[in-house]
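Inside the fold
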Amino acid sequence: DRGPKPENEDTILVLGLSEHPEVTILIVSDGMGGANAGAEASQTAVSVIRRELTSPRIPTSADAEDRIIEAIQEAHRAINRMASSHASLHGMGCTVVVAVIIDDTFWIGHVGDSRAYLVREDEIQQLTQDHSWVNSQIREGKMTEQQAASLQLGHVLDRALGIEGDVQVDIWPDDVLEEGDALVLCTDGLYGVVNQAEILRAATTLEPQEAADRLVALALAAPARDNLSAVILKHC
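All values reported here derive from a predicted model rather than from experimental measurement.

1. A short note on the environment of Val14
Within the secondary structure layout, Val14 lies in strand E1 (residues 10-17). For the pair Val14 and Ile232, spaced 218 residues apart in sequence, the C-alpha separation works out to 9.2 Å. Once residues lying within four places of it in the same chain are set aside, the contact partners of Val14 are Ile25, Leu26 and Val231.

Below you can see the structure in the form of structure tokens.
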């Protein structure tokens, strides 16, 4: 949902492959750099990652981690090329979080501050660490969470696709989904106004599409301040 913004810079993908029913690919990307550039960046990221993960072949359990890293890095290079070739796209970039599920095993790759959560029974675990300036200060012990909360810099990124140079991809390595588990991928427009308890409640009590719709409705009523996206997969 574009929320209160005039343009939607978020792009999402849920991909199931009929010829490979054991594989599911989820992608959430949040663009930055202005309406046109931000939307172009997130759409490019999702398109390139989809292509890289499905052609010439799909990932296997043996190479899924490497394939995710390579796909995200190729998206980063593609966005860089576009930005350098078109003046109107200068400064474009985006976040991305990717989940690859093969049977009951999953991998998460991400750059930026879009998040992945694992919901299991009555607990929710954030699997990704935000690549933001504030979070880096907390990790390095230069700032407490209380000090960070008083600043208006929570979403100033220190890592994103499209930033000059190479990009480092964080990976949540192979992990196992149990029956009833849910994976939730979302942008900061959603988790910035909907707390983890609400995400947990929706993912555990509702079917995946209903849960996604509920979270978007909660965010819009909060009220939302940005575009907002959620993708939910429940393991049965």
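The structure having been displayed, the exposition proceeds.
2. Let's talk about unusual backbone geometry
In this structure, the amide linkage connecting Ser55 to the following residue, Pro56, adopts the cis form with an omega of 5°. With respect to the helices and strands, the residue Pro56 is situated in the loop between helix H1 (35-54) and helix H2 (64-85). The linkage connecting Ala222 with the following residue, Pro223, adopts the cis geometry, with an omega of 10°. Among the structural elements, Pro223 can be located in the loop between helix H7 (208-221) and strand E9 (230-234). Positioned with a positive phi, Glu121 is a non-glycine residue whose angle comes to about 55°. One can find Glu121 in the loop between strand E5 (115-120) and strand E6 (123-126).

3. Comments concerning the pairing of strand E2 (residues 20-32)
Note that E1 and E2 share eight bridges and pair antiparallel. Paired with Asp10 across the two strands is Asp30, which belongs to E2. Counting the residues that bridge the hairpin from E1 to E2 gives two residues. Across 10 bridges, the pairing between E2 and strand E3 (residues 93-102) is antiparallel.

4. Some details on the nonpolar core
If you look at the biggest cluster of nonpolar residues, it comprises 34 residues, and the most contacted ones within it are Ile27, Ile49, Ile72, Val98 and Leu161. Sorting the residues of this core by element identifies E1, E2, H1, H2, E3 and strand E4 (105-111) as the ones contributing at least two each. The element best represented in this core is H2, accounting for eight residues. Filtering out sequence-adjacent residues up to four positions away, Leu161 remains in contact with Ala45, Ile72, Ala75, His76, Ile79, Met92, Gly93, Cys94, Val96, Val111 and Val167. In terms of nonpolar packing, the next biggest core, distinct from the first, is built from 22 residues, Val119, Ala212, Leu215 and Ala224 among them.

Conventions and cut-offs
Residues numbered from 1 in each chain as written. Predicted model: local features only at pLDDT ≥ 70, side-chain atom pairs only at ≥ 80, totals over all residues. Heavy atoms only, no water. Helix = DSSP H or I, 4+ residues; strand = E, 2+ residues; numbered from the N terminus. Contact = heavy atoms within 4.5 Å. Pairing = 2+ DSSP bridges. Core = buried A, V, L, I, M, F, W, Y, C linked by side-chain atoms within 4.5 Å. Buried < 20%, exposed > 50% of the residue type's maximum accessible area, 1.4 Å probe, protein only.

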